[in-house]
Amino acid sequence: EGDTGVNRVIFRNTRFDASFQEAPGQWGGLVFFPGSRGNTISHTTLENAQSAFFCFGTNSLADQVEIKMDHTLIRNMSGAGIQAFSSDISMSNSLIHNCSAFLFSSFVGGRYTFDHCTLTNEPNFFVRDEPSFAVLDNFPNDPSLVGDIQLQLTNSIVWGSELSEFLVANPNGGAVELVIENNI
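Residues numbered from 1 in each chain as written. Predicted model: local features only at pLDDT ≥ 70, side-chain atom pairs only at ≥ 80, totals over all residues. Heavy atoms only, no water.

(A) Quick peek at the overall build of the chain. Within the chain one finds 0 helices and 16 strands. With respect to the three principal axes, the spread of C-alpha positions in the chain is 50 × 35 × 35 Å. Relative to its 184 residues, the chain shows a buried fraction of 47%. Considering only intrachain contacts with a sequence separation of at least 6, the fraction spanning at least 24 residues in the chain is 63%. For the chain, the computed accessible surface area is about 8,600 Å², with 54% contributed by carbon and sulfur atoms. (Helix = DSSP H or I, 4+ residues; strand = E, 2+ residues; numbered from the N terminus. Buried < 20%, exposed > 50% of the residue type's maximum accessible area, 1.4 Å probe, protein only. Contact = heavy atoms within 4.5 Å. Areas by Shrake-Rupley, 256 points an atom, 1.4 Å probe, with all protein chains shown as cover.)

(B) Molecular detail of the packing of aromatic side chains. Throughout the structure, instances matching the rule amount to 14 aromatic pairs. With a centroid separation of 6.4 Å and 25° between ring planes, the pair formed by Phe11 and Trp27 is classed as stacked. With Phe11 in strand β1 (residues 9–11) and Trp27 in the loop between β1 and β2 (30–32), this pair connects stretches of sequence that are 16 residues apart. Judged by relative accessible area, which is 30%, Phe11 ranks as partly exposed. According to the relative accessible area criterion, Trp27 is buried, its value standing at 18%. Ring centres of Phe104 and Tyr112 lie 5.2 Å apart, and the angle between their planes is 70°; this geometry places the pair in the edge-to-face category. On the accessibility criterion, Phe104 (0% relative accessible area) is buried. An aromatic cluster of three or more residues is present, and its members are Phe33, Phe54, Phe56, Phe85, Phe102, Phe107 and Phe139. (Phe/Tyr/Trp six-rings, centres within 6.5 Å; stacked < 30°, edge-to-face > 60°.)

(C) Spatial organisation of the environment of Ser105. Examined against the element boundaries, Ser105 turns out to sit in strand β8 (residues 104–115). You can call Ser105 buried: its relative accessible area is 0%. Sequence separation of Ser105 and Ala134 is 29 residues, and the distance between their C-alpha atoms is 4.8 Å. Setting aside anything within four residues of it in sequence, one finds Ser105 in contact with Ile82, Gln83, Ala84 and Ala134.

(D) Up close: the layout of surface pockets. A volume near 170 Å³ is recorded for the largest pocket. In terms of lining residues, the largest pocket is bounded by 15 residues, among which Gln64, Gly110, Asp148, Ile149 and Gln150 are the most central. Broken down by secondary-structure element, the contributors of at least two residues to the lining of the largest pocket are β8, β13 (149–154) and β16 (176–181). (1 Å grid on protein atoms, 1.4 Å probe; cavity = no way out; pocket = protein on both sides within 12 Å on 5 of 7 lines; lining within 4 Å. Points joined across faces, edges and corners; volume = space filled by probe spheres on them.)

(E) Summary view of unusual backbone geometry. Despite not being glycine, Asn98 shows a phi value in the positive range, around 60°. Within the secondary structure layout, Asn98 lies in strand β7 (residues 95–99). Positive phi is not limited to glycine here, since His116 has a value of about 55°. Residue class for His116 comes out partly exposed when judged on its relative accessible area of 42%.

(F) Quick peek at the nonpolar core. With 32 residues, the main nonpolar core has Phe53, Ile74, Ile82, Phe104 and Phe114 as its most contacted residues. Residues contacting Phe53, with those up to four places away along its chain left out, are Leu30, Phe32, Ile41, Leu46, Ile67, Met69, Ile74, Gly81, Ile82 and Gln83. In terms of nonpolar packing, the next biggest core, distinct from the first, is built from 9 residues, Ala80, Phe107, Val108 and Ala134 among them. (Core = buried A, V, L, I, M, F, W, Y, C linked by side-chain atoms within 4.5 Å.)

If you want it as structure tokens, here you go:
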């Protein structure tokens, strides 16, 4: 956890020569396994990874990954900014940008809150065809995995160059509870 001044916690690559300053995919990212609870990420920068966060929760409430983030910057990912499976993630006053895949993606449901956040893939180093923000009740490779979706998105921006940048879907019939207010 960093402080409110200039002393941020920074996770990034170890090469600092000019051609590697903003090159994505130079390290794997942070991984959270089932049951990882009580995590706080504050005043932190994550950059130049494959994906900043992989969160592997399960449908069991006790096994959901729980992360609270604020004042966090995620950028230059060769994969997703945050990739979650049935997790509980709360993010405020944060920025995710320039990811080759999703800025945020969730599979098999979960509980997600974004307040005063900016998620933008414009401009982007990458060619992509999926939305920047996607929350699904299932996992496309295994439709037997289904979870309920709770999403609260307030006072935030989701932006990019694709025709559709925002997707919430429940093709397998998981319950969906949405609060979406005052966003662009």
